[in-house]
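Observations on the model geometry
Given next are the chains, with one letter for each unit.
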Amino acid sequence: MFGKYFSVLEIGYRQSVAYKGDFIIGSISTLFRMMILAYIWTAVYQNANTTVINGRGLIETITYIILAQLIWSVLNTNLEVLLGFKIKKGEITRDLIKPINFPLLIFLDNLGFSLFILLVQTMPAFVIACFMFDIQTPASILHILFTLLSIILAFFIYASFSFTIGIIGFWAQNVWGISLLKKLIFNTFSGSLVPLFLYPPMIQKWIYLLPFKEIINTPLVIYLDADLQMILSLLGRQLFWAVTFFILSQISWMYLKRKIEILGG
Amino acid sequence: MSLIEVKNITKVYKIKPSKNIFSLNKSATKVNAVDDISFKINRGEIIGYIGKNGAGKSTTIKILSGILLPTSGVVTVDGIVPYKNRIKNARKIGVVFGQRSQLYWDLPVIDSFCFLRKLYQVDHDTYQQNMNYFDEFFSLQDLLDRPVRKLSLGQRMKCDLCAALLHSPEILYLDEPTIGLDILTKNNVREFIKKINQEKKITVMLTTHDIEDIEHLSSRIILIDQGKKMYDGPITGIQKHLTRKRLIKVVTEKPFTQVLENIEQPNIKECHANFVIDLDQNSIPNVINAISGSNVIKDITVQEPNLEQILFHYYQQIEK
Ligand SMILES: Nc1ncnc2c1ncn2[C@@H]1O[C@H](COP(=O)(O)OP(=O)(O)O)[C@@H](O)[C@H]1O
Ligand SMILES: [Mg+2]
């Protein structure tokens, strides 16, 4: 039973191995992004003549920055572009003759790709970054577990969101533009480039109402220090968004399914 | 009950003009890709589903495999309505779209096979048996480790066929399986299809516009044109039904000078004459009598025109 789903993940992984011959370049560029961001924020702290900005010290900020890059490089796949491509080129027919739910197939395939990026591209960069910078160690085993759980939810949220976006892009006949917009929004509001706690408090208040922070900021806030009560409330919010986007992705899938059944593959 | 039952299915595609703020007239054009088609297929048959380009062959296959919803009508495949229960139906069928591979382009063939084995939950013994069976016929061993993109079209088609059969489906749908293949490979593929039909009792429905596929493979054909069913029955039936023509080749002792009545396209070279007669207007004994009145027949052959000639003739009739 489980093997059926694992097979999709595995083929996703294998395909990435075949496509991504340039993983060394990917790895180096991830490392560079980590380094550049870490140096920028070190300089900001030095010039500000303070050890704490908005309640966070330099080590926390650097830990946040580097882990954010780690999570973002793993999550940031092109699911919506792949989906749009499949629909447009009619490749979806070959998926639809298989005995598996289509969104699940896309999701697992994408997970396989992410695992490849994590193992081959991001981990080496992260290990080197750990030697270069002071990184805060987790407060307890529990913090590690909750952070991992939160990252899994983040993956689920981001994949469901991308799936929905992909279908909206198909509907608007502009997957590429919408994908670009999506990345821009996530780069600004998720914490992948700038730690959210460094935004002015007014803006933070608004950002916290949006779902985008759930994929980077939430796991990292849990990692950095949150107490149990806060962790549970953060995970609760994440779960809320996960369910919301799951429902949205299912609705958009029903729309797409109808479209394909009626308009042809 | 038949394995596949198709009742009055119709498929209308609506083609909307491309979304554009400047084109405000929103009238969609409609195409009746499949128009009130019914047929039944029994277990173990090979059906040739033939028609010109755009006749509605692929649309029918997609409805049968559960990808498309018919605009009206009902389909059941082994008791299942494919488009209502796509996943359950998918386990029972194998599908090959000739122009579209289901193998993973950049991966070795074996990776796609392993993937399909796990996806369809084929147990190890069945997988081995099937692979040996395929290998015996196609010598797959040399191909398995090559990336799909490095296979020739023929090699790819063989692998695609095997991929569709890996989970021992009851039904195999082939949408133009021989398109673009050279003659040797075509024959090879046809033999294979025949073999799995006979030995594994797999019901096969293949679409094609290659008449030879039909002549080699199936005794029953369904002919469609512009979405409508034109004929359903044995090939010999269409031959009798649609034309009563015979190709006669005569070799005579003296050069051929006679003018024969009711004869199309006489092709005369000295003592050799080829001509086509219509049995409704003429008969073979008549022709023989007419010739032997003034000449001596040394050799005579009478042939039925092949299916290609018949269909060509038939399409011309439809157009008139
Ligand atoms: N997705 C689609 N949208 C609109 N029209 C289509 C679509 N697919 C096929 N058609 C039209 O429907 C008719 C039948 O197509 P098809 O079933 O592919 O024929 P065949 O496989 O016999 O060549 C053709 O006129 C074709 O242009
Ligand atoms: Mg076709």
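Above this text sits the structure in question.
Residues numbered from 1 in each chain as written. Chains lettered and ligands numbered in written order. Predicted model: local features only at pLDDT ≥ 70, side-chain atom pairs only at ≥ 80, totals over all residues. Heavy atoms only, no water.

**Structural notes on unusual backbone geometry**
Residue and element names in this part refer to chain B. In this structure, Asp-78 takes a positive phi of about 50° despite not being glycine. Relative accessible area serves as the criterion here: at 25%, Asp-78 is assigned to the partly exposed category. Not every positive phi belongs to a glycine, and Gln-121 is a case in point at roughly 50°. Here Gln-121 shows up in the loop between α3 (109–119) and α4 (124–138). Note on Gln-121: relative accessible area 40%, which makes it partly exposed. (Buried < 20%, exposed > 50% of the residue type's maximum accessible area, 1.4 Å probe, protein only. Helix = DSSP H or I, 4+ residues; strand = E, 2+ residues; numbered from the N terminus.)

**A word on the site of ligand 1**
Taken together, 14 residues lie near ligand 1, and A:Leu263, B:Gly54, B:Lys57, B:Ser58 and B:Thr59 sit nearest. Taken together, the residues near ligand 1 originate from chains A and B. Within the contact set of ligand 1, a nitrogen atom lies 2.8 Å away from a backbone nitrogen or oxygen of A:Leu263. For ligand 1, the protein covers 69% of the area, taking 560 Å² as the surface of the free molecule. For the shell around ligand 1, the elements supplying multiple residues, two or more each, are β1 (4–15), β2 (29–41) and α1 (57–64) of chain B. Class assignment for the residues of the shell around ligand 1 results in six nonpolar, six polar and two charged. (Near = heavy atom within 4 Å. Polar contact = N/O pair within 3.5 Å; in protein donor to acceptor, adjacent residues only side chain to side chain. Areas by Shrake-Rupley, 256 points an atom, 1.4 Å probe, with all protein chains shown as cover. Nonpolar A, V, L, I, M, F, W, Y, C, P; charged D, E, K, R; others polar.)

**Quick notes on the pairing of strand β10 (residues 245–252) of chain B**
Residue and element names in this part refer to chain B. Direction of pairing for β10 relative to strand β12 (residues 272–278): antiparallel, over a ladder of seven bridges. Within the sheet, the bridge partner assigned to Val-251 lies in β12 and is His-272. Strand direction decides the pairing type here: β10 and strand β13 (residues 297–303), joined by six bridges, are antiparallel. Looking across to β13, one finds that Thr-252 is bridged to Ile-297. (Pairing = 2+ DSSP bridges.)

**Section: the nonpolar core**
Counting residues in each nonpolar core, the largest one holds 143 residues, and the members touching the most others are B:Phe113 and B:Tyr173. At eleven residues, helix α7 (residues 141–172) of chain A tops the list of elements feeding residues into this core. Residues contacting B:Phe113, with those up to four places away along its chain left out, are B:Leu103, B:Tyr127, B:Met131, B:Leu140, B:Leu144, B:Cys159, B:Cys162, B:Ala163 and B:Leu166. (Core = buried A, V, L, I, M, F, W, Y, C linked by side-chain atoms within 4.5 Å. Contact = heavy atoms within 4.5 Å.)

**Section: the pattern of salt bridges**
Residue and element names in this part refer to chain B. Scanning the entire structure with this criterion turns up 27 salt bridges over all chains. Its salt-bridge partner being Arg-190, residue Asp-213 comes within 2.7 Å of it at the nearest N-O pair. Of this pair, Asp-213 sits in helix α7 (residues 211–217) while Arg-190 sits in helix α6 (residues 183–199), and the two are 23 residues apart along the sequence. A residue is classified by how much of its surface remains accessible, and Asp-213, at 0% relative accessible area, is buried. Residues joined by salt bridges that share partners form a network here, namely Lys-186, Arg-190, Asp-210, Glu-212 and Asp-213. (Salt bridge = Lys/Arg side-chain N within 4 Å of Asp/Glu carboxyl O.)

**Some remarks on the packing of aromatic side chains**
Residues and elements named next belong to chain A. Enumeration over the complete set of coordinates arrives at 24 aromatic pairs over all chains. Taking the centre distance of 5.4 Å and the plane angle of 65° together, the rings of Tyr-39 and Phe-133 count as edge-to-face. Of this pair, Tyr-39 sits in helix α2 (residues 23–48) while Phe-133 is found in the loop between α6 (102–132) and α7, placing the two residues 94 residues apart along the sequence. Phe-133 gets classed as buried once you look at its relative accessible area, which sits at 10%. Ring geometry for Phe-161 versus Phe-186: centroids 5.3 Å apart, planes at 80°, classification edge-to-face. Here the residue Phe-161 occupies a position in helix α7, and Phe-186 occupies one in helix α8 (residues 175–189), the gap between them amounting to 25 residues. Phe-186 carries the same exposure label as Phe-161, and that label is buried. One aromatic cluster in this structure is built from Trp-72, Tyr-158, Phe-161, Phe-186, Phe-189, Phe-212, Phe-240, Trp-241 and Phe-245. Above the ring of Phe-197, the side-chain terminus of Arg-56 is found at 4.9 Å from the ring centroid. (Phe/Tyr/Trp six-rings, centres within 6.5 Å; stacked < 30°, edge-to-face > 60°. Lys NZ or Arg CZ within 6 Å of the ring centre and 35° of its normal.)

As far as function goes, none of this settles anything; it's purely spatial.
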